[in-house]
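Descriptive structure summary
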Amino acid sequence: MFYANENYALLPESYLFTEVARRLKEYRVSHSDREVIRMDIGDVSLPLPEVVVKAICSAAREMGSAGGFHGYGPEQGYLFLREAIARGDYHQRGLDHIGADDIFISDGAKSDLGNLTDIFGEGVRIAVAEPGYPVYVDANVLDGRAGAGSGGRWENLVYLNCRPEKGFIPEVPDSEEPGEVADIIYLCYPNNPTGASMRREQLAGWVDYALRNKSLIIFDSAYEAYVRHPEAVRSVYEVPGAERVAIEIRSFSKTAGFTGVRCGYTVVPRTLSFTFRDGESASLNRMWGRRQSTKFNGVGYIVQRGAEALYTPEGQQDIRRATDYYMRNAAMLREALLKKGWRVVGGEDSPYIWTIPDIGGRYVEGRSLTSWQLFERLLDEAQISSTPGSGFGSGSEGWIRFTGFNTRENTLAAIKRLADLSEI
Ligand code: PLP
C-alpha cells in the first residue's frame, strides 16, 4: 500500500501569498472600476537584457546545427559559465579563493535551497532568521526536520529574531553549550523581506561562531547586485574563514531578469569539509556534486550561454542599469514613506522596502494596525497592494513590504496615492 510523505500534511498552504491573491481577487471583483497597483510583487518588470537575448538566440541556432548540438551537459554546469562567474563575481572583487570547481550552476536559487536539505545529517539544529524567506523553513518541514508546528513556529527550529532596534540583523547566540548550538544557519543579505543589508563585521561574528562550533552557514545572496554601500556584504566569502563554513546561493533572477529563464548558482567551496557522525570526514563539494549528478541533469546549454553573456562588459552594464532602475523606484518609495513619518528599512542596498506607520516606529497591540489591517487600508483607500509582514514570521506584526520591482510609471502612481492617503 502506498502512503504519502506525511511531512507534506504538516506544511500548511502558503498562507501569505495565497491570501494576498485571494483578497486582491475579491477586491477586484467588487471594485472593477478601480485599478490596483501591485507593490507586493517579487517579480521583475524589465525585459531581458539585449545581450542575453542575442546569446540565447545564437545558442539556439548553434543547437540547431549538426556540429553545434549539445545534449546532456555536465551536471555541475558548463565550464565556460563557471569560469565566467569565478572571474566576474569573485576574482575581480578580490576573492581569488573561489574557483570554477567550487561553483554549481542551478536552475535558480529556490531549487537549491529546497534540495540542500539532502546533505544535512540527521538531528542537526537548524536556525532561521525571522522574518525570513519562507523556503528555508518549508524545505526543512518537508524534509521532516522541523518537528511539530504551532502558531506559525516549528518546535525543532531555532529562531533568530531580527528586531527593528538591531537593524533586522540577527544576533549571534550567547550560548554555545552542546545541544544549544545552531548547526545550520540560514542567512540572507541583502534581506528579503526587510531589505536590510549586513556589514562585514556583523557577518564576521557569524563566521567566527560557525568556525568555533563547526556549523554550516547557508548564505542566500540572491540580491547581492543591489548592494551599494561599500561596507555592506555582497558575498559571504568576503569574510576570511567563510570558505571553511559557508555555502553561498546566488541567482540571476533579480539581477538580470531571469525569473522566467531560470538560472542561478551555488558555491560549495572545496575547502568545506565536515565529518559524518562516525568521525569520517566528508567534502561537501563532493557530496553536493554526487547529489546533483544523481538527481539533476544540469541547466540547458542555451540558458547557460545567456547567463554567460552577463559577464561581458555590456552584460555588466545592463545589470547595473536594471538594478539602478529598481533601486531608484525603491529610493523614491522610501523617501515618500519617510515624508509621511513612517518607519522605513531597506531600499538602500535592496529593492525591498520594509515599513510601518509610525507610532514610535513599532507595533503596539490595540493601538497599531496589524499587517493585514494595514494591507486592507492601503487596498481600500489607495488601491495599492502590499505584502503583510506578519506572513514572514510572528515578530513582524504591523510591518508590510513594498517592492521596487514595479515599473517607474506604476511606482510613481503608487507614490502619489500614498501621498494623498489620509493619516494611518
Ligand atoms: N532567495 C530569496 C531571498 C528570494 O527572495 C528568492 C526569490 O524571490 C529566491 C531565493 C529564489 O530565486 P530564484 O528565482 O533564483 O529561484
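Not measured: the values here are computed from a predicted model. (Residues numbered from 1 in each chain as written. Predicted model: local features only at pLDDT ≥ 70, side-chain atom pairs only at ≥ 80, totals over all residues. Heavy atoms only, no water.)

**Details of the overall build of the protein chain**
Per the secondary structure count, the protein chain includes 13 helices and 17 strands. By principal-axis analysis of the C-alpha atoms, the protein chain measures approximately 60 × 55 × 55 Å. By residue count, 52% of the 424 residues in the protein chain fall in the buried class. Within the protein chain, residue pairs in contact and separated by at least 24 positions form 72% of the contacts whose partners lie at least 6 positions apart. Carbon and sulfur atoms make up 50% of the accessible area of the protein chain, which amounts to about 19100 Å² in all. Averaged over its 48 positive side-chain charges, the protein chain has a centre that lies 4 Å from the centre of its 57 negative ones. (Helix = DSSP H or I, 4+ residues; strand = E, 2+ residues; numbered from the N terminus. Buried < 20%, exposed > 50% of the residue type's maximum accessible area, 1.4 Å probe, protein only. Contact = heavy atoms within 4.5 Å. Areas by Shrake-Rupley, 256 points an atom, 1.4 Å probe, with all protein chains shown as cover. Lys, Arg positive; Asp, Glu negative; His and termini not counted. Charge placed at Lys NZ, Arg CZ, Asp CG, Glu CD.)

**Some thoughts on the site of the ligand**
Contacts to the ligand come from 15 residues, most closely from Ala109, Asp220, Tyr223, Ser251 and Ser253. In this structure, Tyr223 approaches the ligand through a side-chain N or O atom, which is 2.6 Å from an oxygen atom. The contact in question runs from an oxygen atom of the ligand to an N or O atom on the side chain of Ser253, over 2.6 Å. In isolation the ligand offers 400 Å² of accessible surface; the protein chains occlude 91% of this area. (Near = heavy atom within 4 Å. Polar contact = N/O pair within 3.5 Å; in protein donor to acceptor, adjacent residues only side chain to side chain.)

**Observations regarding the domain arrangement of the protein chain**
Along its sequence, the protein chain is carved into domain 1 (6-47 + 315-420) and domain 2 (68-312). Computed from C-alpha atoms alone, the centre-to-centre distance between domain 1 and domain 2 is 26 Å. Opposite the 35 residues of domain 1 that make contact, domain 2 presents 42 residues. Interface of domain 1 and domain 2: buried area, both sides summed, is about 3000 Å²; carbon and sulfur atoms make up 59% of it. (Domains from an automatic or database assignment. Buried area = accessible area lost by both parts, 1.4 Å probe.)

**Here's the deal with the pattern of salt bridges**
Under the counting rule described, the total for this entry stands at 30 salt bridges. For the salt bridge of Glu35 with Arg417, the shortest nitrogen-to-oxygen distance reads 3.8 Å. Of the two residues, Glu35 is situated in the loop between helix H2 (15-30) and strand E1 (37-38) and Arg417 in helix H13 (residues 408-420); the sequence distance between them amounts to 382 residues. Where Asp349 meets Arg199, a salt bridge forms, and the shortest distance between an N and an O atom there is 4.0 Å. Within this pair, whereas Asp349 is found in the loop between strand E13 (343-346) and strand E14 (352-356), its partner Arg199 is found in the loop between strand E7 (184-188) and helix H7 (200-213), the two being separated by 150 residues in sequence. (Salt bridge = Lys/Arg side-chain N within 4 Å of Asp/Glu carboxyl O.)

**Topic: the packing of helix H4 (residues 79-90) against helix H10 (residues 301-308)**
The interhelical angle for the contact between H4 and H10, taken along N-to-C directions, is 25°, at an axis separation of 9 Å. Taken together, H4 and H10 sit at an angle that is classed as roughly parallel. Here H4 and H10 pass one another in a crossing that is left-handed. Contacts from Phe80, Leu81 and Ala84 in H4 reach Tyr301, Gln304, Arg305, Ala307 and Glu308 in H10. Residues that form the contact of H4 with H10 fall into these classes: 5 nonpolar, 1 polar and 2 charged. (Axes fitted to C-alpha atoms, helices over the stretch in contact; angles between N-to-C directions. Parallel < 35°, antiparallel > 145°, perpendicular 65-115°, else oblique. Left-handed = near helix turned anticlockwise from the far one by under 90°. Nonpolar A, V, L, I, M, F, W, Y, C, P; charged D, E, K, R; others polar.)

**Considerations on the pairing of E13**
Here E13 runs beside E14; their pairing, made up of 4 bridges, is antiparallel. By the bridge assignment, Val345 is partnered in E14 with Trp354. Two successive antiparallel strands, E13 and E14, enclose a turn made up of 5 residues, where Gly347 displays a positive phi of approximately 80°. (Pairing = 2+ DSSP bridges.)

**Re the pairing of strand E10 (residues 264-267)**
Burial along E10 is two-sided: Gly264 and Thr266 and Tyr265 and Val267, pointing in opposite directions, are all buried. As paired strands, strand E2 (residues 103-106) and E10 are joined by 4 bridges and run antiparallel to one another. The residue of E10 that forms the bridge with Ser106 is Gly264. The pairing of strand E9 (residues 246-251) with E10 spans 4 bridges and is classified as antiparallel. If you follow Glu248 over to E10, its bridge partner there is Val267.

**Focus: H7**
A rise of 1.5 Å per residue sets the reference length of H7, with its 14 residues, at 20 Å; its end C-alpha atoms lie 20 Å apart and thus fit the reference within 8%. Within the span of H7, buried status applies to Leu203, Trp206, Val207, Tyr209, Ala210 and Asn213. Along the axis of H7, the buried positions cluster into a sector of 155°, meaning they face one direction only. Relative to its buried face, H7 has exposed residues pointing more than 90 degrees away, namely Glu201 and Arg212. Count one or two residues on from H7 and you reach Lys214, which has phi positive near 55°. (Expected span 1.5 Å × (residues − 1). Arc of directions from axis to C-beta.)

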